[in-house]
Amino acid sequence: PPAPPPPACYLGITFESSTIGPSLQAARVEVTHWSEGATIRIDFGRGFAGRVDQGHQATLKYRSTSGAFDFELWERPPTRTGVDPHFDFYIRNEDSMTEPV
């Protein structure tokens, strides 16, 4: 039989962002099945010319020149019942924000 998929396939990730300034966005990544130490890649594609700043609950570990950013999850944060844990980061971009691929 085929090998099981890597753990990242089971994390249940959703992404949302909101504008908080002319060239600043706050991004939030919900992780249904949080796993301390897991790496999550957010990829905005080659055309991304902005800067990503680390937020809370995950360490920004890698920044590629192709618009991909790797975050390592910290210990699971406390959450309210029915609310998925999340990490956040900030995007500074002179151009308009694009959704990750």
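If you're wondering where the values come from, they're calculated on a predicted model, not measured in any experiment.

Colleague: Would you mind going over the nonpolar core with me for this structure?
Modeller: Generally speaking, soluble globular proteins have nonpolar side chains that are buried together. The biggest cluster of nonpolar side chains holds 19 residues, and the ones touching the most others in it are Val31, Phe44, Val52, Phe71, Leu73, Phe87 and Phe89. Counting only elements with at least two residues in this core, the list comes to strand S2 (24–31), strand S3 (39–43), strand S5 (58–63), strand S6 (68–73) and strand S7 (86–92). Ignoring anything within four residues of it in the chain, the contact list for phenylalanine 89 reads Phe15, Gln25, Ala26, Ala27, Val29, Ile42, Phe44, Val52, Asp53, Gln54, Gly55 and Phe71.

Colleague: Explain the packing of aromatic side chains to me, please; I cannot follow it from the model alone.
Modeller: Both the distance between ring centres and the angle between the ring planes are used here to describe each pair of aromatic rings. All told, the structure shown has eight aromatic pairs when counted by the stated rule. Here phenylalanine 15 and phenylalanine 89 contribute two aromatic rings whose centre-to-centre distance is 6.3 Å and whose plane-to-plane angle is 40 degrees, an arrangement assigned as tilted. Here phenylalanine 15 is found in strand S1 (residues 13–21), whereas its partner phenylalanine 89 is found in strand S7, with 74 residues between them in sequence. Taking relative accessible area as the criterion, phenylalanine 89 reaches 0% and is therefore assigned buried.

Colleague: It is not clear to me how the environment of arginine 41 should be interpreted in this structure. Could you clarify?
Modeller: Secondary-structure assignment places arginine 41 in strand S3. Along the primary structure arginine 41 and phenylalanine 69 are separated by 28 residues, whereas in three dimensions their C-alpha atoms are 5.5 Å apart. Sequence-distant contacts of arginine 41, defined by excluding residues within four places in its chain, comprise Tyr62, Ala68, Phe69 and Asp70. A distance of 2.6 Å separates the side chain of arginine 41 from the side chain of aspartate 70, its partner in a polar contact.

Colleague: Would you explain the sheet that holds S6 in this entry?
Modeller: Two strands in a sheet stick together by hydrogen bonds in their backbones, pointing the same way (parallel) or opposite ways (antiparallel). Strand order across the open sheet formed by three strands is S3-S6-S5, with antiparallel pairing between neighbours. Of all the strands in the sheet, just S3 and S5 have a single pairing partner and so form its edges. Here the average twist between neighbouring strands, direction ignored, is 30 degrees. Across five bridges, S5 lies against S6 in antiparallel orientation. By the bridge assignment, arginine 63 is partnered in S6 with phenylalanine 69.

Colleague: Honestly, the side chain of aspartate 70 in this entry has me stumped. Any pointers?
Modeller: Summarising the element assignment, aspartate 70 is placed in strand S6. Not counting residues within four places of it along the chain, the set of residues in contact with aspartate 70 comprises Thr39, Ile40, Arg41, Thr59, Leu60, Lys61 and Tyr62.

Rules used throughout
Residues numbered from 1 in each chain as written. Predicted model: local features only at pLDDT ≥ 70, side-chain atom pairs only at ≥ 80, totals over all residues. Heavy atoms only, no water. Core = buried A, V, L, I, M, F, W, Y, C linked by side-chain atoms within 4.5 Å. Buried < 20%, exposed > 50% of the residue type's maximum accessible area, 1.4 Å probe, protein only. Helix = DSSP H or I, 4+ residues; strand = E, 2+ residues; numbered from the N terminus. Contact = heavy atoms within 4.5 Å. Phe/Tyr/Trp six-rings, centres within 6.5 Å; stacked < 30°, edge-to-face > 60°. Polar contact = N/O pair within 3.5 Å; in protein donor to acceptor, adjacent residues only side chain to side chain. Pairing = 2+ DSSP bridges. Axes fitted to C-alpha atoms, helices over the stretch in contact; angles between N-to-C directions.

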